[in-house]
Every structure is written in C-alpha cells, then in structure tokens.
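Observations on the model geometry
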Amino acid sequence: MNRLEKLLSQMSIHDKIGQLTQYNAALYTKTTAEITGPKAKLGLTDEDLAAAGSILNFASVQEMKDIQDKHLQNDPNKIPMSFMMDVIHGYRTIFPIPLGLGCSFDPEIAEECSRVAAREASASGVQVTFTPMVDYVRDARWGRVMETCGEEPLVTGALAAAQIRGFHGDGMEKPGNLATCVKHYAGYGGAEAGRDYNLVEVSERELREYYLPGYKACLDAGAPMVMPSFNSLNGIPSIANPMLMQKILRQEWGFDGVVISDYNAIGELLPHGVAADQKEAAKLAFENTCDIEMCSSGYFHHLEALIKEGIFTEEQLDAAVMRVLKFKDQLGLFDDPYHGADAELAERLFLCDEHRAVVKKAAAESAVLLKNDGLLPLSEKLNKVAVIGPFADNHGINGFWSCNGKDEDTTTVLQGVTALLGDDKVVTAVGCGNLWDDNDTAGFAEAVAAAKEADAVILCLGEPQNYSGEGNCRTDLRLPGMQEELAKQVIAANPNTAVVLFNGRPLDVSLLHKIAPAILTMWFPGTEGGNAAAELIFGKRNPCGKLTMSFPHNVGQCPIYYNHPNTGRPRWRSQPDHRGYASDYIDCATLPLYSFGYGLSYSNFQYSDLILSSREMTMDSNIQVSVKVRNDSDRAGKEVVQLYMRDLVGSVVRPVQQLIAFEKISLEPGEEKTVSFTVTEEMLRFYDMEGRHISEKGDFTLMIGHADHFVLTEKFQLV
Ligand code: NOJ
C-alpha cells in the first residue's frame with residue numbers, strides 16, 4: 001500500500017466527500033459580509049467547511065495561510081487544501097487578453113507571459129489556475145470570445161500548449177509554477193446567438209473537427225485538470241453528458257486527472273431542468289466522473305446517501321478521491337502546504353521591469369494593423385500630435401479577467417505618446433467620455449479644435465472593459481456611445497487621423513474602414529498597453545499581429561469564420577457581391593471585413609517559389625513544402641507565414657480553406673528566408689459519415705497567404 005492509499009484507507013466518507021468539494025475563501029474568513037449568507041444558503045456547517053478540500057479565490061498570502069493552518073489543525077488526515085484562482089492573462093502585471101495574444105501567433109511569447117503570471121501568482125499563494133480556456137468561437141456577440149484564441153483550432157492548441165508549458169515551468173510541485181485547468185469542456189463557444197450560457201447544438205462531426213481539438217491539445221500538453229462547461233450540448237449539460245465526460249474524455253482520451261465543475265454548475269442542473277433536486281444533480285455529475293464540485297453543495301448533502309443506497313459504490317468514491325490526492329501530491333502540497341507562497345517576493349515581482357518588458361512585447365506583437373493608407377508610422381518629428389478620444393488617457397485597458405491587475409497600473413496612449421515626444425508636442429481631448437450615453441457630445445468642440453491644431457491625430461476608441469467577458473454579450477458590435485460621430489468630426493477636421501482601438505471582441509468597424517486612413521487594434525493590451533501603442537504608431541516597433549478571429553462587416557454576418565464548409569451555391573471571390581440564388585446577402589458582402597490571418601505591417605513581404613518535394617503523397621509519405629519570403633522594404637519586420645489546404649472532393653463537405661501550419665519569422669530589410677513545412681497525411685484527415693478520422697485519396701490545394709488573399713497556390717494528390 002503506498003502513502004496515498006494508506007491515507008485514503010484512514011478517511012471517513014465525510015472526509016472523502018470533503019476532498020471533492022470547493023468553496024470560496026469568503027466563506028471561511030470573517031472579512032466579508034457574505035459569511036452568514038451563502039454558507040447558510042448552501043446549508044453548510046462549519047464542520048463541512050473544515051472538511052472541504054480546496055478553495056476558490058482568496059485575498060492575500062496571509063489569508064491563504066490562515067485558512068490552510070486552521071484546516072490542517074482540524075483535519076484528522078492532515079490533507080492540505082489546494083488554492084485555485086482564475087489567473088487568465090496575468091496576476092498583477094497584465095498581458096493582452098487571450099484573443100489578442102492569439103494574434104501574435106507566437107507560442108514563445110505566450111509561454112513567456114505565462115511564466116510572468118505563474119511567478120507572480122505562485123508567490124501570492126495560488127497553486128492552480130483555471131486556464132487555458134480553449135473554447136472554439138465564431139460569434140463576436142459572445143462576450144467570452146475575449147478569453148479565447150479565436151476561430152482556428154490549430155492556433156488555439158499551439159498557444160494553449162505554450163501557456164501550459166509556461167505555467168507548469170520546471171514542475172508544478174515547485175514554487176514559481178502553477179498547475180493548469182483546461183476549460184470549458186466542451187463547445188461553450190458555440191452558444192446559440194452568441195448569448196452566454198445558452199444552449200449549444202452541433203453535430204458530433206463538427207464537435208470533433210472544430211471544437212474538441214483545443215481541449216485535446218491541452219491534455220497532450222499535460223494539463224492535469226478539466227472543467228466542463230456550463231452549457232447544454234445537444235440537449236445535455238456538459239457535466240451530466242455521458243458522451244463528453246465518459247466516452248470521449250475518460251475512455252477515448254484516457255484522461256485520469258481531476259475534473260472540477262464550473263461555479264455552481266452542478267446546482268444549475270436544476271434550472272437546466274435535467275435534475276429535479278440537488279440529489280439528482282449530484283448523482284448526474286458524479287456518475288459522469290466530475291470529481292470536485294465548485295461552489296454548490298450537492299456532494300456534501302447527498303453523495304453519502306447515494307452510496308448508502310447503493311447507487312454508487314465506495315470504490316467509485318475512492319477513485320475520485322484518489323485522483324484528487326494524486327493531484328495534491330503532484331503539487332507537492334504534502335511537503336509544503338503553502339507551495340512556497342511568499343508575500344515579499346510577490347511584491348518584488350509585481351510590475352517589475354522584467355515583467356513589464358515581457359508584457360510590452362506581448363502587447364505590441366498582439367496588436368493588428370487593420371488598415372494603413374500610408375499614414376502610419378507617424379514621424380516623431382511632427383510638431384504637434386493630438387491624442388483624442390475616450391481611450392486617449394483611459395487606464396481601463398487591462399480587459400476582463402485581469403485578476404489582481406489594477407487599472408491605475410496601466411500606461412495610457414497619452415502617457416506613451418508623451419513619453420516619446422515630450423509634453424509640449426502633445427494636445428489631448430476626450431471627445432465623448434461617457435460611453436454609456438448616446439447623446440454625449442459635450443466634448444466634441446474641444447476634440448475638433450485639438451484635431452485642427454495638430455499635424456496628426458491618434459484617435460483612441462473602443463469598448464469599455466466590461467462590454468466583453470463572462471456574461472457580457474452584445475447584439476450590436478459597433479463602438480458604443482457617440483464614438484462613430486466623434487470619429488466623423490475628428491477625421492473631417494484632420495484627415496491625418498489614425499484610429500487606435502481597445503476591444504475585447506471583433507467589432508463592426510465598417511464606418512471607420514471607410515473614413516479613417518489607418519486603424520490599429522490593440523485589443524485589451526494590459527499594463528504596458530499605452531507604451532506599446534505609442535511605439536507602434538511611431539514606428540519604434542513594427543506591427544506583426546494577424547487576426548485569429550474575423551471582423552464582420554456587421555453583426556448580421558455572425559457567426560462567421562474562415563474555415564467554413566462550402567455550399568452548393570457558393571459566392572466566389574471573383575463574382576460581384578450579389579448575383580441572386582447564391583449563398584450571399586443582398587445587403588452585405590459574404591466575406592468578413594477583415595478575415596482570419598489578416599494583418600498589415602510597415603514592411604512589405606513578397607512571397608515566391610512555392611515548391612513541393614512531390615505532387616503525390618502516399619498514406620505513409622510526407623510532402624516537404626517550401627516558400628521564399630523576402631522583406632522588400634527598409635524596415636525590419638516579422639511575418640506569420642501561413643499554409644492552408646483544401647480537400648477538393650470528399651465524402652463529406654470540406655472547408656473551403658483550413659490552416660495546417662504556420663511559422664513566424666523575422667526579416668531584416670532586403671532579407672530573404674526560405675520557410676519549410678512538412679505536410680503529413682494526418683493533416684488531411686477529417687471525420688467521415690461513420691465518425692472515422694480518415695483521409696481520402698484525391699486532389700488537394702495548398703495555399704500561402706491569409707484566408708482572404710492567397711498569394712501562391714499549388715496542387716498535389718493523395719494516392
Ligand atoms: C465561472 C467561469 O465560467 C470559469 O471560467 C471560472 O474559471 C470559474 N467561474 C471560477 O471563477
């Protein structure tokens with residue numbers, strides 16, 4: 001019998017169920033008024049709380065230690081609690097929201113950012129983070145697109161694996177590192193009509209092809225924990241869904257780590273209407289192998305009875321508890337229940353120069369230059385620059401889920417520009433400060449005057465931070481408040497106006513696209529956002545981000561995504577916008593305004609010589625593909641070389657394009673590089689009518705460029 005088996009053999013059923021329960025630290029401390037509220041509502045006794053095995057969120061290292069100490073004094077088995085938190089895009093030093101970071105197409109940057117977050121969070125007492133979030137998305141109305149990497153499973157998986165490497169570092173048992181939890185399994189991003197928590201209806205084939213690869217990539221990268229999603233999938237809430245939980249996760253993928261429910265997701269089986277009461281909810285979740293219940297108390301109240309009634313065996317309970325004990329052992333908690341938490345170290349790490357440098361680079365490389373008629377970069381020699389708009393001097397640019405990040409720590413665009421040019425060259429005006437007011441034009445006259453006085457304008461527009469994130473969905477993707485009107489007046493007053501956007505989702509920027517000579521989206525860039533924006537605008541850095549989620553022309557196009565299956569009546573690129581009886585709209589283009597993979601640079605990259613090692617691939621041979629990329633400009637720059645393929649004829653309808661590989665390269669002025677990819681038979685596979693993951697013989701096209709514009713194409717056959 002090993003150490004953990006011995007421990008398990010000494011535990012009572014009540015102790016065991018405790019290990020399967022997680023509550024918020026607020027229930028344990030006397031620091032919040034909540035103490036008698038939720039605890040009583042959950043029907044919990046102090047004894048129950050003392051037995052709980054893990055904690056969600058807490059205020060400080062001291063609070064974490066106090067809760068742990070008290071628990072260890074009382075717990076008959078001396079099993080430490082584990083402490084978990086949503087450390088999503090930074091703990092205190094904040095890097096771009098995941099949707100932004102995805103646009104860097106840069107796993108190295110994602111890993112570095114996760115290291116920053118891991119160091120700060122670990123020193124602050126966090127042991128487990130509920131990240132990466134790898135929900136596949138197509139609908140910009142959904143507020144949680146900001147937490148995702150967008151509409152491409154390959155990029156999502158690559159970036160998530162990098163995050164996991166960054167968080168786990170040289171071992172999750174060591175201080176400075178965190179364990180990760182992949183979420184939200186599965187299909188949450190398919191919420192109907194882009195409304196959070198809404199039902200998801202997708203076929204199993206679509207699920208396996210688009211939605212599941214992200215989660216699987218995380219398990220392959222070693223994520224030890226999985227969080228099922230809130231939504232129902234094809235009629236069954238994820239946590240009670242035998243196909244997702246038992247068949248795919250546990251059996252097909254062989255996952256033997258810990259499954260933790262989302263917040264009160266077991267309790268929510270009642271309003272979902274699949275459980276009549278808490279006991280039935282607990283039964284459904286437990287039989288679908290959910291190990292830890294977060295913030296509801298179905299297990300505490302009913303699991304013991306369910307065992308006594310013979311619905312479950314004690315062996316089943318033991319298996320779940322053993323998964324939790326092994327996880328705690330992996331975290332090294334039996335040796336150090338504080339996991340090296342050190343408040344002084346945390347204070348030294350927060351916002352330190354090294355961490356700021358990492359997040360600044362990440363913010364710059366996540367930004368996407370959407371339009372540039374030649375206005376950008378601006379010259380530092382200009383006499384006067386106006387920084388205008390509600391986001392000109394707005395510190396609210398961390399974005400949703402920014403953990404302990406503080407708005408006041410961020411640098412604004414105004415600060416960044418002033419640091420580069422000096423006070424006397426910069427004028428500013430807010431224009432319309434109240435984004436919730438559709439009549440706020442009080443600042444327009446001042447903004448127009450500032451624009452007229454300047455040689456160039458940087459117009460900073462966007463969405464408030466809480467317009468995206470959990471529960472924050474929209475039916476209108478345009479800039480809120482009077483911002484479009486402000487843009488019209490400012491651009492009329494000074495045509496040398498570059499728009500800088502702060503946004504948690506792809507927006508409808510059709511109007512700006514028509515009237516502004518340049519548009520740069522910073523997403524929500526985090527602590528160093530303003531400095532990064534200023535450096536991009538004045539050419540100290542060269543934009544290199546590429547969209548991982550399409551910007552629609554307007555909300556009516558949603559859901560919209562680049563890798564869509566074809567129709568029998570496609571509208572081809574070469575045809576006019578509407579030709580009748582084609583799959584298009586009479587009042588809007590079919591394609592998005594800016595597609596997946598798109599993003600401009602100040603450099604000019606030329607592609608040539610797309611060469612295939614063979615035009616025939618067999619089931620067990622690969623094809624080497626190479627392409628030359630030349631920087632035909634006098635600026636060093638980075639380019640994301642993207643390789644797409646199309647399966648021309650399949651037994652089920654195939655996507656019109658599908659990214660199969662990418663590589664980000666740096667090129668000095670005039671430099672040329674050859675980029676090589678290996679195309680394997682596995683990359684050509686899809687799920688057929690019988691659900692088999694196969695490739696089929698026939699013709700394929702390879703394309704280089706981005707989803708809206710392929711510069712080179714070649715063909716090959718699978719024989
Ligand atoms: C609810 C969210 O859906 C999930 O992403 C998060 O990890 C948990 N709450 C815990 O905060």
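Residues numbered from 1 in each chain as written. Predicted model: local features only at pLDDT ≥ 70, side-chain atom pairs only at ≥ 80, totals over all residues. Heavy atoms only, no water.

1. A word on the overall build of the chain
- Of regular secondary structure, the chain possesses 21 helices and 26 strands.
- Its C-alpha atoms give the chain a radius of gyration of 26 Å, within 12% of the compact-globule value 27 Å for 719 residues.
- Viewed in the frame of its principal axes, the chain has a C-alpha envelope of about 75 × 65 × 45 Å.
- The buried share among the 719 residues of the chain stands at 61%.
- Taking the intrachain contacts of the chain between residues at least 6 apart in sequence as the baseline, contacts between residues at least 24 apart amount to 77%.
- Charge separation in the chain, taken as the distance between the mean sites of 65 positive and 97 negative side-chain charges, equals 2 Å. (Helix = DSSP H or I, 4+ residues; strand = E, 2+ residues; numbered from the N terminus. Rg over C-alpha atoms; globule rule 2.2 N^0.38 Å. Buried < 20%, exposed > 50% of the residue type's maximum accessible area, 1.4 Å probe, protein only. Contact = heavy atoms within 4.5 Å. Lys, Arg positive; Asp, Glu negative; His and termini not counted. Charge placed at Lys NZ, Arg CZ, Asp CG, Glu CD.)

2. Observations regarding the pairing of strand E3 (residues 82–85)
- Residues Ser82 and Met84 line one face of E3 and the alternating positions Phe83 and Met85 line the opposite face, and both faces are buried.
- Where strand E2 (residues 54–56) lies against E3, three bridges are found, and the strand directions are parallel. Within the sheet, the bridge partner assigned to serine 54 lies in E3 and is serine 82.
- For E3 and strand E4 (residues 128–129), the ladder comprises two bridges, and the chain directions are parallel. What sits directly across from methionine 84, in E4, is valine 128. (Pairing = 2+ DSSP bridges.)

3. Quick word on the site of the ligand
- All residues in the neighbourhood of the ligand are listed as Asp86, Phe130, Arg144, Lys183, His184, Met227, Phe230, Asp262, Tyr263, Met294 and Glu470.
- The side chain of lysine 183 places a nitrogen or oxygen atom 2.9 Å from an oxygen atom of the ligand.
- Interatomic distance of 2.6 Å between a side-chain N/O atom of histidine 184 and an oxygen atom of the ligand.
- Here the ligand has 290 Å² of accessible area as a free molecule, and 94% of this is covered by the chains.
- Along the lines of polarity and charge, the residues of the shell around the ligand split into five nonpolar, one polar and five charged. (Near = heavy atom within 4 Å. Polar contact = N/O pair within 3.5 Å; in protein donor to acceptor, adjacent residues only side chain to side chain. Areas by Shrake-Rupley, 256 points an atom, 1.4 Å probe, with all protein chains shown as cover. Nonpolar A, V, L, I, M, F, W, Y, C, P; charged D, E, K, R; others polar.)

4. Quick notes on the confidence of the model for the chain
- A residue-level look at the chain finds 98% of positions with pLDDT of 70 or above and a mean pLDDT of 96.
- Contacts of residues 31–36 to residues separated by more than four positions or lying in other chains number nine contacts, the stretch itself having pLDDT below 50. (pLDDT = per-residue confidence, 0-100.)

5. Structural notes on the nonpolar core
- If you look at the biggest cluster of nonpolar residues, it comprises 128 residues, and the most contacted ones within it are Tyr185, Met225 and Tyr299.
- With eight residues, helix H7 (residues 107–123) is the largest single contributor of residues to this core.
- Aside from chain neighbours lying at most four places away, what touches tyrosine 185 is Leu212, Tyr215, Val226, Met227, Pro228, Ser229, Ser238, Leu244, Met245, Ile248, Leu249 and Trp253.
- Ranked by size, the runner-up nonpolar core spans 87 residues in total, among them Ile88, Val368, Val509 and Leu547. (Core = buried A, V, L, I, M, F, W, Y, C linked by side-chain atoms within 4.5 Å.)

6. Overview of the sheet that holds strand E19 (residues 623–631)
- With antiparallel pairing, the three strands of this open sheet are ordered in space as E17-E19-E22. Strands with a single pairing partner mark the edges of an open sheet, and in this sheet they are strand E17 (605–612) and strand E22 (672–679). Between one strand axis and the next, the sheet turns through 20° on average, direction left out of account.
- Here E17 pairs with E19 via six bridges, running antiparallel. Each residue of the ladder has a partner; that of glutamine 606, found in E19, is arginine 630. (Axes fitted to C-alpha atoms, helices over the stretch in contact; angles between N-to-C directions.)

7. Focus on the side chain of serine 104
- For serine 104, the location among the structural elements is in the loop between helix H6 (98–102) and H7.
- Among the residues examined, serine 104 registers a relative accessible area of 0% and is labelled buried.
- Dropping the residues within four chain positions of it, serine 104 is found in contact with Glu365, Ser366 and Lys664.

8. A word on the sheet that holds E2
- With parallel pairing, the eight strands of this open sheet are ordered in space as E9-E6-E5-E4-E3-E2-E1-E10. Edge positions in the open sheet fall to strand E9 (258–259) and strand E10 (293–294), since each of these has one partner strand only.
- Seen against the sheet, helix H10 (residues 242–252) touches strand E5 (179–185), strand E6 (225–228) and E9 and runs at an angle of roughly 135° to E5.

9. Details of the packing of helix H12 (residues 278–287) against helix H13 (residues 298–308)
- Between H12 and H13, whose axes approach to 9 Å, the crossing angle comes to 80°. When the axis of H12 is compared with that of H13, the two are roughly perpendicular. Touching Gln278, Lys279, Ala282, Lys283, Ala285 and Phe286 of H12 are Gly298, Tyr299, His301, His302, Leu303, Ala305 and Leu306, all from H13.
- Classifying every residue of the contact of H12 with H13 gives seven nonpolar, four polar and two charged. (Parallel < 35°, antiparallel > 145°, perpendicular 65-115°, else oblique.)

10. Structural notes on helix H1 (residues 3–10)
- Three or more residues of H1 are buried, namely Leu4, Leu7 and Leu8. Down the axis of H1, the buried set is contained in an arc of 100°. They therefore lie on one face.
- In this structure, the buried residues of H1 make contact with helix H2 (13–19) and helix H14 (314–330).
- At the N-terminal boundary of H1, the capping side chain belongs to asparagine 2, with an oxygen 3.0 Å from the backbone nitrogen of leucine 4. (Arc of directions from axis to C-beta.)

11. Let's talk about helix H17 (residues 413–421)
- Regarding H17, the residues found buried are Val413, Leu414, Gly416, Val417, Thr418 and Leu421.
- The inward-facing, buried residues of H17 contact strand E12 (385–388), strand E13 (426–429), strand E14 (456–462), strand E15 (497–502) and helix H21 (529–537).
- Count one or two residues on from H17 and you reach glycine 422, which has phi positive near 95°.

12. What about the packing of aromatic side chains?
- If you walk through the whole model with that rule in mind, you get 25 aromatic pairs.
- Between phenylalanine 286 and phenylalanine 312 the ring centres are 4.9 Å apart and the planes differ by 75°, which places this aromatic pair in the edge-to-face class. Linking phenylalanine 286 in helix H12 with phenylalanine 312 in the loop between H13 and H14, this pair joins segments that are 26 residues apart in sequence. For the pair formed by phenylalanine 286 and phenylalanine 312, the shared burial category is buried.
- Taken together, the ring pairs connect Phe105, Tyr562, Phe596, Tyr644, Phe662 and Phe710 into an aromatic cluster.
- When the ring centre of tyrosine 561 is taken as origin, the NZ or CZ atom of arginine 138, which lies over that ring, is 3.7 Å away. (Phe/Tyr/Trp six-rings, centres within 6.5 Å; stacked < 30°, edge-to-face > 60°. Lys NZ or Arg CZ within 6 Å of the ring centre and 35° of its normal.)

13. Let's talk about the pattern of salt bridges
- Applying the stated rule across the entire model yields 42 salt bridges.
- In this structure, aspartate 220 engages lysine 216 in a salt bridge whose closest nitrogen and oxygen atoms are separated by 3.0 Å. Of this pair, aspartate 220 and lysine 216 both sit in helix H9 (residues 204–220), four residues apart, which is roughly one turn of that helix.
- Look at lysine 216 and you get partly exposed, because its relative accessible area is 28%.
- Across the pair glutamate 528 and arginine 356 runs a salt bridge whose closest N-O atoms are separated by 2.5 Å. Of this pair, glutamate 528 sits in the loop between strand E16 (518–521) and H21 while arginine 356 sits in helix H16 (residues 353–366); the two residues are 172 residues apart in sequence, bridging distant segments of the chain.
- Here glutamate 528 falls in the buried class, since its relative accessible area comes to 5%.
- Classification of arginine 356 as partly exposed rests on a relative accessible area of 22%.
- Three or more residues are tied together by salt bridges with common partners; here these are Asp106, Glu365, Lys638 and Lys664. (Salt bridge = Lys/Arg side-chain N within 4 Å of Asp/Glu carboxyl O.)

14. Digging into the environment of glycine 396
- Relative to the assigned elements, glycine 396 resides in the loop between E12 and H17.
- With 106 residues separating them along the chain, glycine 396 and phenylalanine 502 place their C-alpha atoms 9.4 Å apart.

15. Focus: the state of the cysteines
- Within the structure shown, the criterion is met by zero disulfides.
- Here cysteine 181 is not disulfide-linked; the sulfur of cysteine 218 is the nearest cysteine sulfur, at 9.8 Å.
- We note that cysteine 432 lacks a disulfide partner, and the nearest cysteine sulfur, in cysteine 460, lies 12 Å from it.
- For cysteine 432, a relative accessible area of 0% gives the class buried. (Disulfide = S-S within 2.5 Å.)

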